[in-house]
Amino acid sequence: MRWGEWRRDVPASLVVFLVALPLCVGIAVASGVPVELGLVTGVVGGLVVGVMPGSSLQVSGPAAGLTVLVAEAVERYGLTGLGTIVLVAGLLQIGLGLLRLGRWFRAISVAVVHGMLAGIGLLLIAGQLHILAGAGTAPVGLAAFTGLPALVGELTGSEPARLSLALGTATIAVMMLWNLLPGRLRNVPGALVAVVAASAASAVLGLPVDTIEVAGLLAAIQPSLGHPSQLADLGVLATIVTFTLVASAESLFSAAAVDRMHQGPRTDFDRELVAQGTGNTVCGLLGALPMTAVIVRSSANVHAGARTKASRVLHGLWLLLFVAAVPGLVGLIPLPALAAVLVHAGCKLLPLRTLPGLWRTHRGEAVVLTVTAVAIVTTDMFTGVLVGLGLAVAKVAWETSHVRVTVDDHGTGPIDVAIVGNATFLRLPTILNTLHALPTDRIVRLDLHGLRHLDHACGTALDTWIEAHNRTAGGQVHVVAPRPAQDDRPRPVPATE
């Protein structure tokens, strides 16, 4: 590596470390696991995934997008079950990458992905509002929303709850105001500044708020080869599939976004999927949180001027040194401050800026996005994503089968009929109802100029109707344009002119 690259990669790695530290801790707390496990995932994302081929500047670690899913898995199956789930999901990712299926994740509807992230963001915000109000744990799923009205009563009757909310609100305000400062100051992450300020204020003022419990890195790690007996549970298998799809899609969408930020080597999606799978396999063996590529860390890496993989590897080294050398500093962080960081991160997952424009230009995509988010909030991640994918497929089927049949009958002379669009079996009843309603003793001029596609069912039905109309007294069909064949190549309709 050249000196010029080191000169840029080392400072960039420090910036990424400062961004990753509060997020690793906060995501672990929100997931209901020891904070050390979030830091372990960050270390693995740097030291293991960082050296592997795939993407050069993308940074991996625990992601806010998996927080709700992890919390549900821990609640149902415990930490041992989480380790098994992450391990098997990682092996599946490696298999998908080796089979060169990574590029196919780009075929997932963007509206479904944005809806998934929006649903996660809503659940994350609702859950962390309870922590802001002084609750010890955050409810999971729909309970996070149904429990919000009770927070008002708690805030009214509890001074510690009000102090907790004030500290969290101040943390969010610092993060938002920090982005308004000059460029050089913004090189220091606002989340880190806000958490340090909240920790200092809590310690100096002696605020009665909960802080993070730290047990030590070695005490938190529980190495295991997984528990194969848990794979007989259909719920575990469904969670594994969800982890695999969500983590892979988020990582590869992040890779595509990062590629647009720099002029360096482009991401090899299959190798990146293998790298992410390797990282998750290691995390599963260590009993840590699952990982994805994270756009927040990755964009910070690019904007800090990183040039090679060294920056992301070094950020993992800094995380390891920090948690090994000064773990006690983590124990000074107030829970409301971390909740504020996650509320801020959850807001970034919401498509607040893109949804209005999407509604104006692509209303169907906006509906898919909204329904996916609502389904995730009201059911669970796996069901919500399936609902979104099903709706996206139905939307495509509807649009690709859109056909319009117009009839122009002046009472005398030929009847002009035009078929425009894509004639598929989904619209066959509409087409046949219109054609069968035509008088059988009149000449029909059939205009197929606007017919872009004709499937086998519609082609057969159209041939049958033409032959039947031509057999009636006075009936005759004149085709004024050739129709597309069922293999999309033009061929003449078997009718006289």
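Residues numbered from 1 in each chain as written. Predicted model: local features only at pLDDT ≥ 70, side-chain atom pairs only at ≥ 80, totals over all residues. Heavy atoms only, no water.

Enquirer: I'd like a rundown of the overall build of the protein chain, residues and numbers included.
Expert: For the protein chain, the count of helices and strands is 19 helices and nine strands. Seen through its principal axes, the protein chain has C-alpha atoms that stretch 100 × 60 × 55 Å. A separation threshold of at least 6 residues defines the contact pool for the protein chain, and within that pool the share at least 24 residues apart is 78%. For the protein chain, the accessible area works out to roughly 22200 Å², and carbon and sulfur atoms hold 66% of it. Here the protein chain contributes 31 positive and 29 negative side-chain charges, whose respective centroids are spaced 10 Å apart. (Helix = DSSP H or I, 4+ residues; strand = E, 2+ residues; numbered from the N terminus. Contact = heavy atoms within 4.5 Å. Areas by Shrake-Rupley, 256 points an atom, 1.4 Å probe, with all protein chains shown as cover. Lys, Arg positive; Asp, Glu negative; His and termini not counted. Charge placed at Lys NZ, Arg CZ, Asp CG, Glu CD.)

Enquirer: How would you explain helix 2 (residues 35–47) if you had to name every residue and give the values?
Expert: Within an α-helix, residues lying three or four positions from one another point in the same direction, as the helix has 3.6 residues per turn. Taking 1.5 Å per residue as the helical rise, helix 2 with its 13 residues ought to reach 18 Å, and the 19 Å between its terminal C-alpha atoms agrees with that figure. Most of helix 2 sits inside the fold, with twelve of its 13 residues counted as buried. Buried within helix 2 are the following residues: V35, E36, L37, G38, L39, V40, T41, G42, V43, V44, G45 and G46. (Expected span 1.5 Å × (residues − 1). Buried < 20%, exposed > 50% of the residue type's maximum accessible area, 1.4 Å probe, protein only.)

Enquirer: Kindly report on the nonpolar core, identifying the contributing residues and their values.
Expert: L82, M116, I212, F243 and L319 are the most contacted members of the largest nonpolar core, which has 79 residues in total. Broken down by element, this core gets its largest block of residues, eleven residues, from helix 3 (residues 67–98). One finds V403, V405, I415 and L438 within the second-largest nonpolar core, a separate group that totals 22 residues. (Core = buried A, V, L, I, M, F, W, Y, C linked by side-chain atoms within 4.5 Å.)

Enquirer: Lay out a nonpolar patch on the surface in plain terms, naming residues and giving numbers.
Expert: Taken together, L47, L317, L320 and L321 make up a surface patch of nonpolar side chains, about 280 Å² in accessible area. Among the elements that take part in the nonpolar patch, helix 13 (residues 310–325) stands out by supplying three residues, more than any other. Mapped onto the elements of the fold, L47 is located in helix 2. With a relative accessible area of 32%, L47 lands in the partly exposed category. (Patch = residues over 30% accessible without salt bridge, like charges linked within 9 Å, V, L, I, M, F, W, Y side chains within 5 Å. Salt bridge = Lys/Arg side-chain N within 4 Å of Asp/Glu carboxyl O.)

Enquirer: Tell me about the packing of helix 7 (residues 159–178) against helix 14 (residues 335–349), and name the residues and values.
Expert: With their axes 8 Å apart at the nearest point, helix 7 and helix 14 run at an angle of 45° to one another. Comparing their axes, helix 14 and helix 7 come out oblique. Crossing of helix 7 over helix 14 shows right-handed handedness. Where helix 7 approaches helix 14, its residues S164, G168, T171, I172, M175 and M176 are matched on the opposing element by P336, A337, A340, V341, V343 and H344. (Axes fitted to C-alpha atoms, helices over the stretch in contact; angles between N-to-C directions. Parallel < 35°, antiparallel > 145°, perpendicular 65-115°, else oblique. Left-handed = near helix turned anticlockwise from the far one by under 90°.)

Enquirer: How would you sum up the confidence of the model for the protein chain? Please name residues and give values.
Expert: Mean pLDDT for the protein chain: 83, with 92% of residues reaching 70 or above. At the low end of the mean pLDDT range in the protein chain sits strand 9 (residues 490–491), at 41; at the high end sits helix 11 (residues 269–286), at 93. (pLDDT = per-residue confidence, 0-100.)

Enquirer: Which residues make up the packing of helix 7 against helix 8 (residues 190–205), and what are the values?
Expert: To describe two helices that pack against each other, one gives the angle between their axes and the distance between the axes. Here helix 7 crosses helix 8 at 145°, and the two axes come no closer than 8 Å. Between helix 7 and helix 8 lies a crossing of right-handed hand. Taken together, the residues of helix 8 that come into contact with helix 7 (itself represented by L167, T171, V174, M175 and W178) are G190, A191, V193, A194, A198 and S202. The residue inventory of the contact of helix 7 with helix 8, partitioned by class, reads eight nonpolar, three polar and no charged. (Nonpolar A, V, L, I, M, F, W, Y, C, P; charged D, E, K, R; others polar.)

Enquirer: Account for the side chain of R312, with residues named and values stated.
Expert: Structurally, R312 can be placed in helix 13. One buried charged residue, R312, forms no salt bridge at all, with the nearest opposite charge on E272 at 4.9 Å. Within polar-contact distance, the side chain of R312 engages the backbone oxygen of S55 at 2.7 Å. Leaving out residues up to four positions away in the same chain, R312 has contacts with G46, V49, G50, M52, S55, S56, Q58 and V59. (Polar contact = N/O pair within 3.5 Å; in protein donor to acceptor, adjacent residues only side chain to side chain.)

Enquirer: Tell me about helix 14, and name the residues and values.
Expert: Over its 15 residues, helix 14 runs 21 Å from end to end, which matches the ideal 21 Å to within 8%, given 1.5 Å per residue. With twelve of 15 residues buried, helix 14 is to be regarded as a mostly interior element. Taken together, the buried positions of helix 14 are L335, P336, A337, L338, A339, A340, V341, L342, V343, H344, A345 and G346.

Enquirer: Residues and numbers for the pairing of strand 4 (residues 415–423), please.
Expert: Of all nine residues that make up strand 4, seven are buried, and the element is covered over most of its length. The turn joining strand 3 (residues 403–408) and strand 4, which pair antiparallel and follow one another in sequence, is formed by six residues; a positive phi near 95° is taken by G411. Two elements, strand 4 and strand 6 (residues 451–454), share three bridges in a ladder whose sense is parallel. If you follow N422 over to strand 6, its bridge partner there is H453. (Pairing = 2+ DSSP bridges.)

Enquirer: Kindly report on the environment of V204, identifying the contributing residues and their values.
Expert: In this structure, V204 sits in helix 8. Distance from V204 to E272, taken between C-alpha atoms, is 46 Å for residues 68 residues apart in sequence.

Enquirer: With reference to specific residues and values, describe the environment of A144.
Expert: Among the structural elements, A144 can be located in helix 5 (residues 143–146). Residue classification places A144 among the buried residues on the basis of a relative accessible area of 1%. In this structure, the C-alpha to C-alpha distance between A144 and L129, residues 15 residues apart in sequence, is 8.6 Å. Look past the residues within four positions of A144 in its chain and what remains in contact with it is A126, G127, H130 and P139.

Enquirer: Hey, could you go over the environment of W6 for me, with residue numbers and the actual values?
Expert: Looking at the element boundaries, W6 is found in helix 1 (residues 3–31). Relative accessible area serves as the criterion here: at 36%, W6 is assigned to the partly exposed category.

Enquirer: Residues and numbers for the pattern of salt bridges, please.
Expert: The full count for this structure, using the stated rule, is five salt bridges. Among the ionic pairs, D270 bridges to R100, the shortest N-O distance being 3.8 Å. Of this pair, D270 sits in helix 11 while R100 sits in the loop between helix 3 and helix 4 (110–132), and the two are 170 residues apart along the sequence. What makes D270 buried here is its relative accessible area of 5%.

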